[in-house]
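# Breakdown of the fold
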Amino acid sequence: MIDGDAALALVCHRNHRMSFVFEAAQTAGIRLMLIYDSSESEPPHGLPGVVGYWRLPVFEDPDAALKEFVDGAGTRGLGGVMTLREEAIIWTAEAARRLGTPGIPPAVAALVRNKYRMRQALAQAGLRTPTFAHINDPGDISSVESLGFPLVIKPLAGWGSAGVMLARSVEELHERIRTVWAMQERDLSRFYEKTDTPGLVVEQYLPGKEFVAECFVDGDGVHVMAVGDKGHPQGPWFEETIYRLREDLDSVQVMALREAACAGVKALGITMGAAHVEMRLDAEGLPYVIEIGARIGGSGVSHFIVEQGTGISLAELCMLQALGLPTSPLPDALPVRKVSANYIIPLRGEGRFCGFIGMDAVRQHPETARVLTFFEPGHIVPPPPAFGGYPGFIFSVHPTQAAARSYHRWLDDTLCNEWEDVSP
Ligand code: ADP
Ligand code: CA
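Before going into details, it helps to say that this report is about the structure given with it. This one's a predicted model, so the numbers in the text were calculated from it and none came from an experiment. (Residues numbered from 1 in each chain as written. Chains lettered and ligands numbered in written order. Predicted model: local features only at pLDDT ≥ 70, side-chain atom pairs only at ≥ 80, totals over all residues. Heavy atoms only, no water.)

### With respect to the overall build of the protein chain
Spelled out, the test is: Note on conventions: DSSP H or I runs of at least 4 residues are helices, E runs of at least 2 residues are strands, and numbering of each starts at the N terminus. In this description the radius of gyration comes from C-alpha coordinates, and the expected globular size is given by 2.2 Å times residues to the power 0.38. Buried, partly exposed and exposed residues are distinguished by accessible area as a fraction of the type maximum, computed with a 1.4 Å probe on protein chains only: under 20%, between the cut-offs, and over 50%, respectively.
Secondary structure assignment for the protein chain yields 12 helices and 19 strands. In terms of C-alpha radius of gyration, the protein chain reaches 21 Å, essentially the compact-globule figure of 22 Å for 424 residues. C-alpha extents for the protein chain along the principal axes are approximately 60 × 50 × 50 Å. Here the protein chain holds 424 residues, and the buried ones make up 55% of them.

### Some thoughts on the coordination of the calcium ion (ligand 2)
Four donors placed tetrahedrally around a metal ideally meet at 109.5 degrees, and six donors placed octahedrally ideally meet at 90 or 180 degrees. Rule in force here: For Na, K and Ca the donor cutoff is 3.2 Å, while for all other metals N, O and S atoms count as donors only within 2.8 Å; water does not appear among the atoms, so some sites may look incomplete.
Looking at the metal site, the calcium ion (ligand 2) is ligated by E278 (OE), E278 (OE) and E291 (OE), spaced 2.2 to 2.9 Å from it. On the criterion of sequence distance, the pair formed by E278 in strand β12 (residues 273-281) and E291 in strand β13 (residues 287-293) is long-range, its members being 13 residues apart. On the accessibility criterion, E278 (13% relative accessible area) is buried. On the basis of relative accessible area, E291 is assigned to the buried category, the value being 14%.

### Regarding helix α8 (residues 252-268)
Rules: Expected helix span is given by 1.5 Å per residue-to-residue step, counting one fewer step than there are residues.
Taking 1.5 Å of rise per residue, the 17 residues of α8 would be expected to cover 24 Å, and the 25 Å separating its terminal C-alpha atoms lies within 8% of that figure. Turning to α8, its buried residues are V254, L257, R258, A260, A261, C262, G264, V265 and L268. Where α8 ends, the next residue or the one after it, G269, has phi of about 80°, a positive value.

### Observations regarding helix α12 (residues 401-414)
Worth spelling out the cut-off: What the arc describes is the spread of directions from the helix axis to the C-beta atoms.
With 14 residues, α12 should cover 20 Å at 1.5 Å per step; its first-to-last C-alpha distance of 20 Å lies within 8% of that length. Considered for burial, the residues of α12 that qualify are Q401, A403, A404, Y407, H408 and L411. One side of α12 carries all its buried residues, which in axial view fall inside an arc of 160°. Seen from the open side of α12, the exposed residues pointing more than 90 degrees away from its buried face are R409 and D413.

### Topic: the sheet that holds strand β15 (residues 351-357)
Either a parallel or an antiparallel arrangement is found when strands of a sheet pair, and the pairing is made through backbone hydrogen bonds. Cut-off, in case you're wondering: The rule for pairing is simple: two strands pair if DSSP sees at least two bridges between them.
Pairing is antiparallel across the open sheet formed by 3 strands, whose spatial order is β17-β15-β19. Each end of this open sheet is capped by a strand with a single partner; those strands are β17 (380-381) and β19 (416-420). When β15 meets β17, the two strands line up antiparallel, connected through 2 bridges. Across the sheet, the residue bridging to G351 is V381, located in β17.

### Some remarks on the packing of aromatic side chains
Going by this rule: Within 6.5 Å between ring centres, the rings of Phe, Tyr and Trp (the latter by its six-membered ring) count as paired, and their orientation is classed by plane angle as stacked under 30 degrees, edge-to-face over 60, tilted in between. The criterion for a charge sitting over a ring is simple: Lys NZ or Arg CZ within 6 Å of the ring centre, and within 35 degrees of the ring normal.
What the rule picks out here adds up to 13 aromatic pairs. Ring centres of F69 and W91 lie 5.5 Å apart, and the angle between their planes is 65°; on these two criteria the pair is classed as edge-to-face. With a gap of 22 residues between them, F69 in helix α2 (residues 62-73) and W91 in helix α3 (residues 89-99) connect regions that are remote in the sequence. Every member of this aromatic cluster is reached through a ring pair, and the members are F20, F304, F374, F393 and F395. Lying over the aromatic face of W54, R76 brings its terminal NZ or CZ to 3.7 Å of the ring centre. Against the face of Y288 rests R128, its NZ or CZ located 6.0 Å from the ring centre.

### Focus: the site of ligand 1
Rule in force here: A molecule or strand has a residue near it when one of that residue's heavy atoms lies within 4 Å. We define a polar contact as two N or O atoms separated by no more than 3.5 Å, with the added condition that, inside protein, one atom must be a possible hydrogen donor and the other a possible acceptor, whereas residues neighbouring each other in sequence contribute only through side-chain atom pairs. Computed with the Shrake-Rupley method and a 1.4 Å probe, the accessible areas treat only the protein chains shown as cover for residues. Residue classes follow a fixed rule: Ala, Val, Leu, Ile, Met, Phe, Trp, Tyr, Cys and Pro count as nonpolar, while Asp, Glu, Lys and Arg count as charged, and any other residue, Gly among them, counts as polar.
Taken together, 20 residues lie around ligand 1, and K115, K154, S161, E203 and E210 are the ones closest in. In this structure, W159 approaches ligand 1 through a main-chain N or O atom, which is 3.5 Å from an oxygen atom. If ligand 1 stood free it would expose 540 Å²; the protein chains cover 98% of that surface. Elements with a contribution of two residues or more to the shell around ligand 1: β6 (151-155), β8 (200-204), β12 and β13. Residues that form the shell around ligand 1 fall into these classes: 9 nonpolar, 4 polar and 7 charged.

### A short note on the nonpolar core
This is how it is decided: Here, nonpolar core means buried Ala, Val, Leu, Ile, Met, Phe, Trp, Tyr and Cys residues that are tied together by side-chain atoms lying within 4.5 Å of each other. Residue contacts are defined here by distance: any two heavy atoms, one from each residue, within 4.5 Å place the two residues in contact.
Core analysis: the biggest nonpolar cluster contains 54 residues, and L32, M82 and M319 have the highest contact counts within it. Contact partners of M82, with chain neighbours within four places excluded, come to L8, A9, L10, V11, T92, I296, C318, M319 and A322. Of all hydrophobic cores here, the second largest spans 36 residues; its members include A121, L127, I270 and L281.

### As for unusual backbone geometry
Here F149 and P150 are connected by a cis peptide whose omega angle stands at -5°. Mapped onto the secondary structure, P150 falls in the loop between α6 (142-145) and β6. In this structure, the amide linkage connecting G235 to the following residue, P236, adopts the cis form with an omega of 5°. Locating P236 in the fold gives a position in the loop between β10 (221-229) and β11 (242-245). Although it is not a glycine, S161 sits at a positive phi angle of roughly 65°. Along the chain, S161 turns up in the loop between β6 and β7 (165-167). Residue S161 is classed as partly exposed on the basis of its relative accessible area, which comes to 26%.

### A word on the environment of L330
One can find L330 in the loop between α10 (314-322) and β14 (339-344). Here L330 falls in the buried class, since its relative accessible area comes to 13%. C-alpha of L330 to C-alpha of D220: the two residues are 110 residues apart in sequence and 8.7 Å apart in space. Excluding residues within four positions of it along the chain, L330 makes contact with F216, D218, H223, M225, I312 and L317.

### Quick look at the sheet that holds strand β3 (residues 50-56)
Note the cut-off: Inter-axis angles, ranging from 0 to 180 degrees, are taken between N-to-C directions of lines fitted to C-alpha atoms, where helices are fitted over the stretch in contact.
Taken in spatial order, the 4 strands make up an open sheet running β3-β2-β1-β4, and their pairing is parallel. Both edges of this open sheet fall to β3 and β4 (78-83), since each of them pairs with a single strand only. Averaged over all pairs of adjacent strands, the angle between strand axes in this sheet comes to 25°, irrespective of strand direction. The pairing of strand β1 (residues 7-11) with strand β2 (residues 32-37) spans 4 bridges and is classified as parallel. Residue pairing in the sheet places A9 in a bridge with M33 of β2. Contacts from helix α1 (residues 20-28) reach β1, β2 and β3 within the one sheet, and its direction differs from that of β2 by about 155°. Against the sheet, α10 makes contact with β1, β2 and β4, and its axis sits at roughly 135° relative to β4, the strand it touches most.

Here it is in structure tokens:
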């Protein structure tokens, strides 16, 4: 039974410091029950909007966790379930199905969690797609050499660009496939569906700039809530760099990005909720879908961008919908009121992290909205290709795109990290 007082289960939030979704729940009067995996640490108490915590073996034993969840949901007053965590998308879809509350079909969840099958579905729907191939044996890669170079290698079901690498030659391809394969076995395999064997996707490199569209799907169809610039990572690794909202909604480029994003979301069969659509341009400037996350992006970054830019709470829409509650009709395009942005502090080093230099000036800047740092002094960052992680995010709000660009240039010049060598 769903009623207006039911709480929403939020599954395995990656980082409690990314609190935008908690704050959005509190503002909307939605009560959250945080489900956390039994192998991960309990979230701190006192988070906004959070009324309870529930430890379940979501990653360790998904079937047992589902049974326990469905058996205990009634006594806990749960009326829906949602996640922002890429690795928990399939579990959450299955939990909603068993609970009888709104969610994407588990088969769609499985599709969006497998980069090879996602590519196949986008190609079948007639969308522009780089040539691509699947590898399930790192010792036999003859099939991918014929794709031409440069190529991008990625784990079948990764996230956050971890293990995604560029190869410019046959030699690099051999070496990097071994590297990414080992990284996948070590860091990712525990999150893979028991039925999915590990594997890699290898695909043609798209040389153009990167963009993102934040979509919300309801009974009326796919709504593009925001389009943003995502910089121009060019390998060999593809760390995230910046996110700046686009205000030029009528420009040819933004219109083409909106169209490509909508077509991608429809092609994958995402029937509700948020869809975080990453795109890149080819040499001719045409947009291609890189991948689609069936969730609010960046553990809530996407909510910040949409809400600060348009005044619409993306997280509230998603939470209400997951609870089976009505949401207001949305216009075709949301006017941009302010230009919201996120700057991912670049590593620019490795070894022992000693601290940030210039952070006081950043905190005092009038356009800075929030600073979140994830590294403490003493934190060790391994040399690439290991995933070094992100030192922190700088969220900001600006009157124009040009102001956002110059703020990010100012951050490039103002902020740096201090490192100490730890090589033997
Ligand atoms: P993840 O799920 O780990 O984020 P993605 O498929 O989104 O994996 O790839 C991560 C990043 O790698 C992208 O944001 C993009 O910068 C780069 N990338 C991925 N595929 C391509 C491609 N075909 N051409 C160019 N860059 C790519
Ligand atoms: Ca991605």
